Amino acid sequence: MTLTSGARRTGAALCIALALIEGGWIVRDLTAMRSSLDLWNSWIGRLHGRSTTTTLETPLLLLVHVTVLVGAVRRRTTAGALVAAGLVTLVVRLPGLWVLTSPWMDLRATDELRMRAVYTSLAALGLGVGLLITAAAGRSAATRPTQRAPLLTSLLLGVAAGVLAGWEIRRFARSPDGEALDRFTASESALLPLLAAPPGWLAVLTAMLALVATLAAVRPLGLVAAALLAAAAVRQLGGLLRDGVALRLKELSVEEQLLVASWGFEATAGAVVLVLLARSEPVRPAFRESPPAIGPPPPSAPPPGW
């Protein structure tokens, strides 16, 4: 669904603000860490960066917002792209409303840094909702074909969503009553960066986005869901390398080996879907706006029989 010129400009302005927010936190972590490699290792789970505030989802959000911004400038952004950008922003930043305001967060960061993170979450949520409203209100009467995703990408996303949801249900069922919700609300014992979303929340919402992208088979949402899937799996695999588990896989139980295999599948499926959707040809507009003709109208054809 195409957007009016006003909706494209509004979407571009919202994406600029969101990109500045995410980019600002990345710059903050780059100055706090010893090197960019340390920050990358922190993002992929190979290093516990106590001074980091961002996660792998932060550059992902930045990439999404910049991509939609460029599309808006080149007049290729659709309503689906704004919806995908708005949804991924809400998924990643909504938990900040309860995680950052928890009493134990006083022990993790200074009041100034924590309040900056709270304001960031509030601003990102407002801008994300703005993208959704712009997509709904700015649809043009003229339409073009929906950017459909190939069948293989839908199949991979659907299977990955089912695997991710299945393991999360398994963890929830086996967790003690007092710890079952910790993966969704985070807890004082969780060593998470300041802007990190609780792992359970992120897993469930990622599975839901992937399932919606599977059923709708829409290209922008499929790209976002695949990126979230790949990011979560890469972080889990990076934690295995950090803890040395990758060197003793044969010593793990069958269930643990299946869990590791599922992470590898999710990372591979996400990467393959990203490549397939990125290489697929975007749909060209089915219409082209032309300026109004200047001068008298052309003569009408004579009626039949003249």
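Here, every reference points to the structure presented above.
Residues numbered from 1 in each chain as written. Predicted model: local features only at pLDDT ≥ 70, side-chain atom pairs only at ≥ 80, totals over all residues. Heavy atoms only, no water.

Counting secondary structure elements, the protein contains 11 helices and zero strands. Overall, the protein shows an N-to-C arrangement of helices and strands of α-α-α-α-α-α-α-α-α-α-α. Residues classed as buried in the protein amount to 45% of the 306 residues present. Of the contacts made within the protein by residues no fewer than 6 positions apart, 79% connect residues no fewer than 24 positions apart. When the accessible surface of the protein is split by element, carbon and sulfur atoms take 65% of a total near 16400 Å². (Helix = DSSP H or I, 4+ residues; strand = E, 2+ residues; numbered from the N terminus. Buried < 20%, exposed > 50% of the residue type's maximum accessible area, 1.4 Å probe, protein only. Contact = heavy atoms within 4.5 Å. Areas by Shrake-Rupley, 256 points an atom, 1.4 Å probe, with all protein chains shown as cover.)

Position of alanine 117 relative to the elements: it lies in helix H6 (residues 111-137). We classify alanine 117 as buried; its relative accessible area is 0%. Setting aside chain neighbours within four positions, we find alanine 117 in contact with Trp25, Leu100, Leu194 and Leu195.

Attention now moves to helix H11 (residues 254-279). Each turn of an α-helix holds 3.6 residues, which means side chains three or four residues apart point in the same direction. Between its terminal C-alpha atoms H11 stretches 37 Å, which fits the 38 Å expected from 26 residues at 1.5 Å a residue. Listed as buried for H11 are Leu259, Val260, Ser262, Trp263, Glu266, Ala267, Ala269, Gly270, Val273 and Leu277. Check the buried side of H11 and you find it contacts helix H7 (151-174) and helix H10 (219-243). (Expected span 1.5 Å × (residues − 1).)

So, on to the packing of aromatic side chains. For the structure shown, the criterion picks out three aromatic pairs. Ring plane angle 75° and centroid distance 5.3 Å describe the contact between tryptophan 98 and tryptophan 201, whose orientation is recorded as edge-to-face. Taken together, the residues tryptophan 98 in helix H5 (residues 96-99) and tryptophan 201 in helix H9 (residues 199-216) connect sequence positions 103 residues apart. On the accessibility criterion, tryptophan 98 (30% relative accessible area) is partly exposed. (Phe/Tyr/Trp six-rings, centres within 6.5 Å; stacked < 30°, edge-to-face > 60°.)

Applying the stated criterion to the full structure yields two cavities of 30 Å³ or more. The calculated volume of the largest cavity comes to roughly 60 Å³. Along its surface, the largest cavity is lined by Val92, Arg93, Pro95, Gly96, Val99, Leu100, Ser121, Leu194, Leu195, Ala196 and Ala197. Breaking the lining of the largest cavity down by element, the ones donating at least two residues are helix H4 (79-93) and H5. Taken together, the residues that form the lining of the largest cavity break down as eight nonpolar, two polar and one charged. (1 Å grid on protein atoms, 1.4 Å probe; cavity = no way out; pocket = protein on both sides within 12 Å on 5 of 7 lines; lining within 4 Å. Points joined across faces, edges and corners; volume = space filled by probe spheres on them. Nonpolar A, V, L, I, M, F, W, Y, C, P; charged D, E, K, R; others polar.)

Side chains that are nonpolar tend, in soluble globular proteins, to be buried together. Counting 66 residues, the largest nonpolar core has Leu60, Val64, Val88, Leu131, Leu157, Leu194 and Leu228 as the members making the most contacts within it. When near neighbours in sequence (up to four residues on either side) are disregarded, leucine 60 contacts Val88, Ala227, Leu228 and Ala231. With seven residues, the next largest nonpolar core counts Trp167, Val245, Leu252 and Val260 among its residues. (Core = buried A, V, L, I, M, F, W, Y, C linked by side-chain atoms within 4.5 Å.)

Let's shift gears to the packing of H4 against H10. Pairs of packed helices are described in terms of their axes, by the angle between the two and the distance that separates them. Closest axis-to-axis distance for the H4/H10 pair is 8 Å, and the angle between their directions is 30°. In terms of orientation, H4 lies roughly parallel with respect to H10. Contacts between H4 and H10 involve Gly80, Ala81, Ala84, Leu87, Val88 and Val92 from the first element and Pro220, Leu221, Val224 and Leu228 from the second. Here the residues of the contact of H4 with H10 are counted per class, giving nine nonpolar, one polar and no charged. (Axes fitted to C-alpha atoms, helices over the stretch in contact; angles between N-to-C directions. Parallel < 35°, antiparallel > 145°, perpendicular 65-115°, else oblique.)

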